[in-house]
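# Breakdown of the fold
Residue strings, one per chain:
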There are 2 protein chains.
Amino acid sequence: MSPHLSRSKRIHLSLLSVLLAIAFARLHAPIPVFAQTDPLPSWNDGAAKTAIVAFVRTTTDPTSKNFVPPSERIVTFDQDGTLWVEHPMYTQVVYCLDRVPAVVKAKPELANVEPFKTVLTGNLEAIAKLPMSDLEKILGATLTGMSVDQFRSQVKHWIDSARDHRWKRPYTDLTYQPMIEVLNFMRANGYRTYIVTGGGQDFVRVYADKVYGVPPEQVVGTAGGTKFEYGENGEPYLVKDPKLLLNDNNAGKAEGIHLMIGRQPYAAFGNSTGDRQMLEYTKAGKGARLAVLILHDDAAREYAYGPAQGLPETKVGTFTQALYDEAKKDGWVVVSIKNDWKRVFAFDR
Amino acid sequence: MSPHLSRSKRIHLSLLSVLLAIAFARLHAPIPVFAQTDPLPSWNDGAAKTAIVAFVRTTTDPTSKNFVPPSERIVTFDQDGTLWVEHPMYTQVVYCLDRVPAVVKAKPELANVEPFKTVLTGNLEAIAKLPMSDLEKILGATLTGMSVDQFRSQVKHWIDSARDHRWKRPYTDLTYQPMIEVLNFMRANGYRTYIVTGGGQDFVRVYADKVYGVPPEQVVGTAGGTKFEYGENGEPYLVKDPKLLLNDNNAGKAEGIHLMIGRQPYAAFGNSTGDRQMLEYTKAGKGARLAVLILHDDAAREYAYGPAQGLPETKVGTFTQALYDEAKKDGWVVVSIKNDWKRVFAFDR
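The rules behind the values
Residues numbered from 1 in each chain as written. Chains lettered and ligands numbered in written order. Predicted model: local features only at pLDDT ≥ 70, side-chain atom pairs only at ≥ 80, totals over all residues. Heavy atoms only, no water. Helix = DSSP H or I, 4+ residues; strand = E, 2+ residues; numbered from the N terminus. Contact = heavy atoms within 4.5 Å. Areas by Shrake-Rupley, 256 points an atom, 1.4 Å probe, with all protein chains shown as cover. Pairing = 2+ DSSP bridges. Axes fitted to C-alpha atoms, helices over the stretch in contact; angles between N-to-C directions. Phe/Tyr/Trp six-rings, centres within 6.5 Å; stacked < 30°, edge-to-face > 60°. Buried < 20%, exposed > 50% of the residue type's maximum accessible area, 1.4 Å probe, protein only. Salt bridge = Lys/Arg side-chain N within 4 Å of Asp/Glu carboxyl O. Right-handed = clockwise from strand over helix to strand, strands pointing away. pLDDT = per-residue confidence, 0-100. Expected span 1.5 Å × (residues − 1). Parallel < 35°, antiparallel > 145°, perpendicular 65-115°, else oblique. Left-handed = near helix turned anticlockwise from the far one by under 90°. Nonpolar A, V, L, I, M, F, W, Y, C, P; charged D, E, K, R; others polar. 1 Å grid on protein atoms, 1.4 Å probe; cavity = no way out; pocket = protein on both sides within 12 Å on 5 of 7 lines; lining within 4 Å. Points joined across faces, edges and corners; volume = space filled by probe spheres on them.

## Concerning the overall build of chain A
Looking only at helices and strands, chain A has 13 helices and 7 strands in total. In chain A, 64% of the contacts between residues at least 6 apart in sequence involve partners at least 24 apart. Total accessible area computed for chain A in this model is approximately 15700 Å², and 55% of it derives from carbon and sulfur atoms.

Spelled out as structure tokens, the structure:
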């Protein structure tokens, strides 16, 4: 760059340098967002918010002894009860029940066979009493046997059209706004966000990118096998098989993380005993690690269940007192929805 | 930016703008590298090189009808025979045989039990005659039963110290330089490079990042289960289990891609019948897709085996004439090591 340039050229270059500086700042990921604005505006100030922000700060500060290189920044999130509502019933179970009429239409001989007969009555009390073996038959009939592409379009159609009973909204509206902020905050700081769910991997992959910003390859879930087959014109496709490969719950979450990611997470978020081993596995790593449990203690704005801390018993997302005590003893963060979240959903207020 | 700045400040800013422009250009990934320099210098000019470069160009050009958004740019690579040497024996099998003395030292009662007894003799002819069931016993004893961390350090130690018999070099030197260039070229153009190998997922993950620039979460391989356990002080860890979860060969490669990635690749590279379904699955997608097979036809610089095109028969990396014919019929690229590669290894010439 010569000093003999005309004045207008120099001005032009100076303006350019400003534009480039802005572009440079925007491109220079990860951008530390905590300094300028509140990265978690839907969280009340308190121990939980402070712990999350402090963890991100210390692990992304190159001068910190807890610094984590970007390639190792992995955080895992349970889905049901951690990223979106799981009561009164896991959303995927609602999907499976909703699919039964279509399954029976394709195979009319099932209309008089249990458990399909009971599900077709729509009698929720009777459906709730079906034994686990019957529920498994419904899952098998609605989640397997079709091609991967057919399944994807069936789920997509349902996700776009179904409404929950309490809020009369799409299920994907029932994601927790404070957790969406955590996902964004961690990604803005170079963390790769994984979902590690007991729900079906193929099911969650259909909407996870749009709803959570989590691409298919970062969804780890309960997974069945597929079978490679050829169509009429020799075109290959995959058919969903009933064989269970990964039961991504309890110890299966740690095992699934090893299988699918091959790295120990630096942070993990869950809400039930099904997440215990994932949190233990995360905390067992060296350096700063963050383990977070969401306690559902807000019946007014969402639901209240435990039975930790005297909350009502539940079979959906059980959070035992033993888990609560382990969390307190081992320095995990317990988030009270009632006290820690300013709002629960994006549509609140 | 004001025009009233001193001359020295203006010069300073102009210099800054140049530096920022350079930084901007470097950060503005993906960088199209084909315009400036030859991205594949170890390839001879010819149909194979042209096809690879043209594929990358058309799928990354925003004005092309074949443009692929960065999030969908997935390319999969077989390892043995595609990224590194697989003859006369798969490297991981050499590892397993080399581990037998340590296994017997830990369990002396195995010294007089077959197949360990034969392996301990070091008689390669006798070892080569062991039936598959015996080989499986060796794989089981050397690849399972230890913690994930122990296995990682065992493999790392071997990878750092073992030497192959022909070139007297570390096995990781026996990667194909032309393929390293393809990996780099595709990554520079926004493709995420996955290894999809019949080899053990945990084995390949130990060195894949260092050797190929492929991180653990992008290695899909034959995978056994793990078991979550607690140590003496309550610390959790994972133990490698003999249960096979994914046999990542033949149809298992397409199934493994769905399980681990959840997206159909846009390009895939292989060298044997074990890669056929992966290539078919890749080509079955819409838009421009690239399927490449490496033909080992260069006994002087590497090895020659088929039996396609009259090359010698082999059980290690079989490339049948039927596969060759399918490739030619369906527009796959067949790479002749003899004719298409200027050099095979980085240490050549």
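Having seen it, we continue.
## A look at the sheet that holds strand β2 (residues 192–200) of chain A
Residues and elements named next belong to chain A. The sheet built from 7 strands is open, its strands ordered β4-β3-β2-β1-β5-β6-β7 with mixed pairing. Here the strands that pair on one side only, and so sit at the sheet edges, are β4 (236–246) and β7 (333–336). In this sheet, adjacent strand axes meet at a mean angle of 30° when their direction is disregarded. Along the sheet, helix α8 (residues 177–188) makes contact with β1 (74–77), β2, β5 (267–270) and β6 (290–295), crossing β1 at roughly 165°. Along the sheet face, helix α11 (residues 276–283) touches β1, β2, β5 and β6 and points at about 165° away from the line of β5.

## Considerations on the packing of aromatic side chains
This model, assessed by the stated rule, comprises 34 aromatic pairs over all chains. Considering the side-chain rings of W167(A) and F345(A), the 5.0 Å spacing of their centres and the 70° angle between planes classify their relative orientation as edge-to-face. One end of the pair, W167(A), is in the loop between α7 (148–161) and α8; the other, F345(A), is in the segment after α13 (337–340), and 178 residues separate them in sequence. This pair shows no difference in class: W167(A) is buried, exactly as F345(A) is. Consider the rings of Y95(B) and F203(B), whose centres lie 5.3 Å apart with planes at 55°: the pair is tilted. Remark: F203(B) occurs in helix α9 (residues 201–212) and Y95(B) occurs in helix α3 (residues 91–106); sequence separation between them is 108 residues.

## A closer look at the environment of D98(A)
Note that D98(A) resides in helix α3 (residues 91–106). Between the C-alpha atom of D98(A) and that of G122(A), which follows or precedes it by 24 residues, the distance is 9.5 Å.

## Comments concerning the sheet that holds strand β2 (residues 192–200) of chain B
Residue and element names in this part refer to chain B. If you trace the 7 strands from one edge of the open sheet to the other, you get β4-β3-β2-β1-β5-β6-β7, paired in mixed fashion. Two strands in the sheet have a free side with no partner beyond their single neighbour: β4 (236–246) and β7 (333–336). Direction aside, neighbouring strands of the sheet carry axes that sit 30° apart on average. Pairing geometry for strand β6 (residues 290–295) and β7, over 4 bridges, is parallel. The residue bridging V292 from the neighbouring strand is V333, located in β7. Most of the contacts of helix α8 (residues 177–188) go to strand β1 (residues 74–77), to which it runs at about 165°, and overall it touches β1, β2, β5 (267–270) and β6.

## Examining the pattern of salt bridges
Under the criterion given, the structure shown has 32 salt bridges over all chains. A salt bridge links K253(A) to D78(A), with the shortest nitrogen-to-oxygen separation between them at 2.9 Å. Taken together, the positions of K253(A) in helix α10 (residues 251–260) and D78(A) in the loop between β1 and α3 put the pair 175 residues apart, joining distant regions of the chain. Classification of K253(A) by relative accessible area gives buried; the value is 1%. A residue is classified by how much of its surface remains accessible, and D78(A), at 5% relative accessible area, is buried. Residue R192(A) is joined to E217(B) by a salt bridge in which the shortest nitrogen-to-oxygen separation is 2.2 Å. With one member in each of two chains, R192(A) in strand β2 and E217(B) in the loop between α9 and β3 (219–230) form a pair that bridges those chains. On the basis of relative accessibility, which here comes to 8%, the residue E217(B) falls in the buried class. Taken together, the shared-partner salt bridges in this structure form one network comprising D38(A), D45(A) and K49(A).

## As for the pairing of β6(A)
All names here are of chain A. The buried fraction of β6 amounts to 6 of the 6 residues, a majority that puts the element mostly inside the structure. Alternating residues of β6 divide into L290, V292 and I294 and A291, L293 and L295, and every residue in both groups is buried. Both β5 and β6 contribute to a ladder of 4 bridges, which runs parallel. Looking across to β6, one finds that G270 is bridged to L293. Chirality of the crossover, the property in question, places the unit of β5, α11 and β6 among those that are right-handed. This β-α-β element, β6 to helix α12 (residues 321–329) to β7, shows right-handed connectivity.

## As for the confidence of the model for chain A
Residue and element names in this part refer to chain A. Per-residue pLDDT for chain A has a mean of 91; in total, 90% of the residues score no lower than 70. Low pLDDT (under 50) marks residues 1–5, which in the prediction has 9 contacts with non-local residues, meaning those over four places away or in another chain. This model gives residues 8–31 a pLDDT under 50, and the stretch forms 35 contacts once residues within four places in sequence are excluded. Across the whole predicted complex the pTM is 0.89, and at the interface the ipTM reaches 0.89.

## Notes on α8(A)
Residues and elements named next belong to chain A. The end-to-end C-alpha separation of α8 is 16 Å, in line with the 16 Å expected for 12 residues at 1.5 Å each. The element α8 is extensively covered by neighbouring structure, given that 9 of its 12 residues are classed as buried. Listing the buried residues of α8 in full gives Q177, P178, M179, I180, E181, V182, L183, F185 and M186. Lining the buried residues of α8 we find α2 (47–60), β1, β2, α9 (201–212), β5 and β6. Positioned one or two residues after α8, G190 has a phi angle of 85°, which is positive.

## With respect to the pairing of β3(B)
Residue and element names in this part refer to chain B. Note: β2 against β3, 4 bridges, orientation parallel. Counterpart to G200 in the pairing with β3 is T222. Across 7 bridges, β3 lies against β4 in antiparallel orientation. Across the sheet, residue Y230 finds its bridge partner in β4, namely P236.

## Observations regarding the packing of α3(B) against helix α6 (residues 132–143) of chain B
Residue and element names in this part refer to chain B. Closest axis-to-axis distance for the α3/α6 pair is 9 Å, and the angle between their directions is 70°. On the basis of their axis angle, the class for α3 and α6 is roughly perpendicular. For the element pair α3 and α6, the recorded crossing hand is left-handed. Packed against α3, whose contacting residues are Q92, V93, Y95, C96, L97, R99, V100 and V103, the element α6 presents L135, I138, L139, A141, T142 and L143 at the interface. The residue inventory of the contact of α3 with α6, partitioned by class, reads 11 nonpolar, 2 polar and 1 charged.

## What to know about empty space enclosed by the protein
Residues and elements named next belong to chain A. Under the counting rule described, the total for this entry stands at 1 cavity of 30 Å³ or more. Among the elements that line the lining of the largest cavity, the one with the most residues is α9, at 3 residues. Of the residues contributing to the lining of the largest cavity, the split by class is 4 nonpolar, 3 polar and 1 charged.

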